[in-house]
Amino acid sequence: MQQTDAAHARLRELIVGGAYAPGERLTETEVAGVLAMSRTPVREALRGLEADGLVRSADGRGVVVTALDAAALRDTYRVRAALEALTAELAAERQAAGRIAPAELTALEADTALTEEATAAGRFAEAVTYNRRFHSRIAALSANAPAQAVLERLWDQIVVSTRASLDPPHRPALVNGQHRDLLAAITEGRAADAAGIARRHVLDTCG
């Protein structure tokens, strides 16, 4: 199981990182060679990635890296919006109850600043990384493991599906402002506000 987990993690990293593009075919033999592993853990890893929505079967001839079409991408953003509203609300509730360490909020604020700096400097791929880390931290602060796990899978699908169209964020001031508003709502323990800001932020990103 350890080798399967390692193969899954490494192959997921390659797909999400862009080493394998949407539509590219992968075979057990090829991937086993790249990962320097036997075919058995690779086969199991590919099954796991298919369940994650990152690859699909290619008629018995390996798998193909999957990209969501426009309709599926909209649906995925809507689910993400609902879950990010939930995790932001739970994070703010935990903050109001004194269950979040100050250092965790400091790290969240740092990611907000790094996203802004990378965007302003035109380092958009870097900004995407910091942006995801910002949202992942909020999910972690919610302490809701199921929501956190689903969000990670949705993020992977969105990243793979939108990388080819990566361009400067539309309305960067709005995006950065929403990050700041969300950070403030969580820090101040305003759960309902945090949920509303998070939902609107994701839907604005999609729109």
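Bear in mind the structure is a predicted one, so any value in this text is a computation, not a measurement.

Asks: Requested: an account of the side chain of Thr 87, with residues and values cited.
Replies: Mapped onto the elements, Thr 87 comes out in helix H4 (residues 70-96). Excluding residues that lie within four positions of it along the chain, Thr 87 makes contacts with Ile 138, Ala 139, Ser 142, Ala 147 and Leu 151.

Asks: If you had to explain the packing of aromatic side chains to someone new, which residues and values would you point to?
Replies: Tallied over the full model, the rule gives 0 aromatic pairs. Positioned above the aromatic ring of Trp 155, the side-chain terminus of Arg 80 is 4.1 Å from the ring centre.

Asks: Could you give an account of the sheet that holds strand S2 (residues 55-57), naming the residues involved and the relevant values?
Replies: Strands sit in the order S1-S3-S2 across an open sheet of 3 strands; the sheet is antiparallel. A strand with exactly one partner marks an edge of an open sheet, and here the two such strands are strand S1 (25-26) and S2. Of the strand pairs in this sheet, S1 and strand S3 (residues 63-65) are connected by 2 bridges, and their pairing is antiparallel. Opposite Leu 26, over in S3, you have Val 63 as the bridge partner.

About the thresholds
- Positions within a chain are numbered from 1, following the residues in the order the chain's sequence is written.
- Given that this is a predicted model, residues contribute local features only at a pLDDT of at least 70 and side-chain atom pairs are listed and counted only at 80 or more, while totals for whole chains, interfaces and linings are drawn from all residues.
- Each side-chain value is derived from all of the structure's non-hydrogen atoms; neither hydrogens nor water enter the calculation.
- Helical segments are the DSSP runs of H or I of at least four residues, strand segments are the runs of E of at least two, and each set is numbered from the N terminus.
- Residues are treated as being in contact if the distance between any of their heavy atoms lies within 4.5 Å.
- Each Phe, Tyr or Trp ring (for Trp, its six-membered ring) is paired with any other whose centre lies within 6.5 Å, and the angle between the two planes then decides the class: stacked below 30 degrees, edge-to-face above 60, tilted in between.
- Two limits define a charge over a ring: the Lys NZ or Arg CZ must be within 6 Å of the ring centre, and within 35 degrees of the ring normal.
- Only when DSSP finds a minimum of two bridges between them are two strands counted as paired.

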